[in-house]
Amino acid sequence: MRAAPNLERRDKARLPHVCPITIKEASSGRIQSGRLFNYSDNGFYFESDALMDPGIEVFIGLRDSPFDDRPSDFSYHRTIIMWRKELAEESHFFYGYGAQIAQASPSPVPATKRNQRRHPRRPFNRKVRFAADNLIAEGLAVDISASGAFVKSGKMLRTGQVITMKIPDKTGKEIVVKGKVVWSSTDGFGLQFVA
């Protein structure tokens, strides 16, 4: 997977998230296609054949947004193109783009669920173990909040399934929690903690 150069001098880590996207230019309404490769709290790196100039506003539409609670949701993110680079001939697309998520403002495009979370997620990046039905497996808790976590795992779990998970704290001691799978994909699953 290709990593975007640090042209923005960003201090937020980018996490891989590969999926097809639609790109709608705010001024012209023209719709293009592309592929998202990674994201952070405040931006995306994607590739497309569309030629767009830095500074323009675009809406990036995708299913299974890393900011949404359920992978079946289709959401749009209002962004500003920060930079563009031409890609090598062997690439599938002509251009790579860095886009920064714009501050919320009145828009005909629905707001993402990212801003509706009661408990903000924070990066976690610790190995966890979980048990679901007859399965015991490991994963990586990428982010966590008081109400849930996103766990990267090669195991596809059932939505609604209740699992038991061991999470290491700062001292290395494991805390046992129960959680309900609220969405699952080939990348991992979203977990809502339950009492």
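Residues numbered from 1 in each chain as written. Predicted model: local features only at pLDDT ≥ 70, side-chain atom pairs only at ≥ 80, totals over all residues. Heavy atoms only, no water.

**Describing the overall build of the protein**
Here is step 1 of the chain: From N to C terminus, the protein includes zero helices and 12 strands.
Here is step 2 of the chain: Overall, the protein shows an N-to-C arrangement of helices and strands of β-β-β-β-β-β-β-β-β-β-β-β.
Here is step 3 of the chain: The buried share of the protein, reckoned over its 195 residues, is 42%.
Here is step 4 of the chain: Contacts spanning at least 24 positions in sequence make up 51% of the contacts within the protein whose residues lie at least 6 apart.
Here is step 5 of the chain: Counting only carbon and sulfur atoms, one obtains 51% of the accessible surface of the protein, whose full area is about 11200 Å². (Helix = DSSP H or I, 4+ residues; strand = E, 2+ residues; numbered from the N terminus. Buried < 20%, exposed > 50% of the residue type's maximum accessible area, 1.4 Å probe, protein only. Contact = heavy atoms within 4.5 Å. Areas by Shrake-Rupley, 256 points an atom, 1.4 Å probe, with all protein chains shown as cover.)

**Quick look at the confidence of the model for the protein**
Here is step 1 of the chain: The predicted model of the protein has a mean per-residue pLDDT of 80, with 81% of residues at 70 or higher.
Here is step 2 of the chain: Every residue in residues 104-117 scores below 50 in pLDDT, and together they form 21 contacts with partners more than four places removed in sequence or on other chains. (pLDDT = per-residue confidence, 0-100.)

**Brief notes about the nonpolar core**
Here is step 1 of the chain: Counting residues in hydrophobic clusters, the biggest one holds 18 residues, and the most contacted among them are Ile21, Leu36, Phe44, Phe46, Met52 and Ile60.
Here is step 2 of the chain: Among the elements that line this core, the one with the most residues is strand β6 (residues 95-101), at four residues.
Here is step 3 of the chain: When neighbours within four sequence positions are excluded, Phe46 is seen to be in contact with Ile21, Ile23, Arg35, Leu36, Phe37, Met52, Ile60, Ile81, Tyr95, Gly96, Tyr97 and Ala99.
Here is step 4 of the chain: In this structure, Ala132, Ala141, Ala149 and Ile163 belong to the second largest nonpolar core, which totals 16 residues. (Core = buried A, V, L, I, M, F, W, Y, C linked by side-chain atoms within 4.5 Å.)

**Description of the environment of Tyr95**
Here is step 1 of the chain: Among the structural elements, Tyr95 can be located in strand β6.
Here is step 2 of the chain: Look at Tyr95 and you get buried, because its relative accessible area is 16%.
Here is step 3 of the chain: C-alpha separation for the pair Tyr95 and Glu47, spaced 48 residues apart in sequence, amounts to 5.6 Å.
Here is step 4 of the chain: Excluding its chain neighbours within four sequence positions, the residues that come into contact with Tyr95 are Phe46, Glu47, Ser48, Asp49, Ala50, Leu51, Arg84, Lys85, Glu86 and Leu87.

**Re the pattern of salt bridges**
Here is step 1 of the chain: Tallying each qualifying case throughout the model produces five salt bridges.
Here is step 2 of the chain: The salt bridge involving Arg30 is made with Glu25; its shortest N-O contact spans 2.3 Å.
Here is step 3 of the chain: You can call Arg30 partly exposed: its relative accessible area is 38%.
Here is step 4 of the chain: Between Arg78 and Glu57 there is a salt bridge; the shortest N-O distance is 2.5 Å. Within this pair, whereas Arg78 is found in strand β5 (residues 74-86), its partner Glu57 is found in strand β4 (residues 57-63), the two being separated by 21 residues in sequence. (Salt bridge = Lys/Arg side-chain N within 4 Å of Asp/Glu carboxyl O.)

**Considering the environment of Gly160**
Here is step 1 of the chain: Position of Gly160 relative to the elements: it lies in the loop between β9 (148-152) and β10 (162-168).
Here is step 2 of the chain: The class of Gly160 is partly exposed, set by a relative accessible area of 40%.
Here is step 3 of the chain: Contact partners of Gly160, with chain neighbours within four places excluded, come to Lys180 and Val181.

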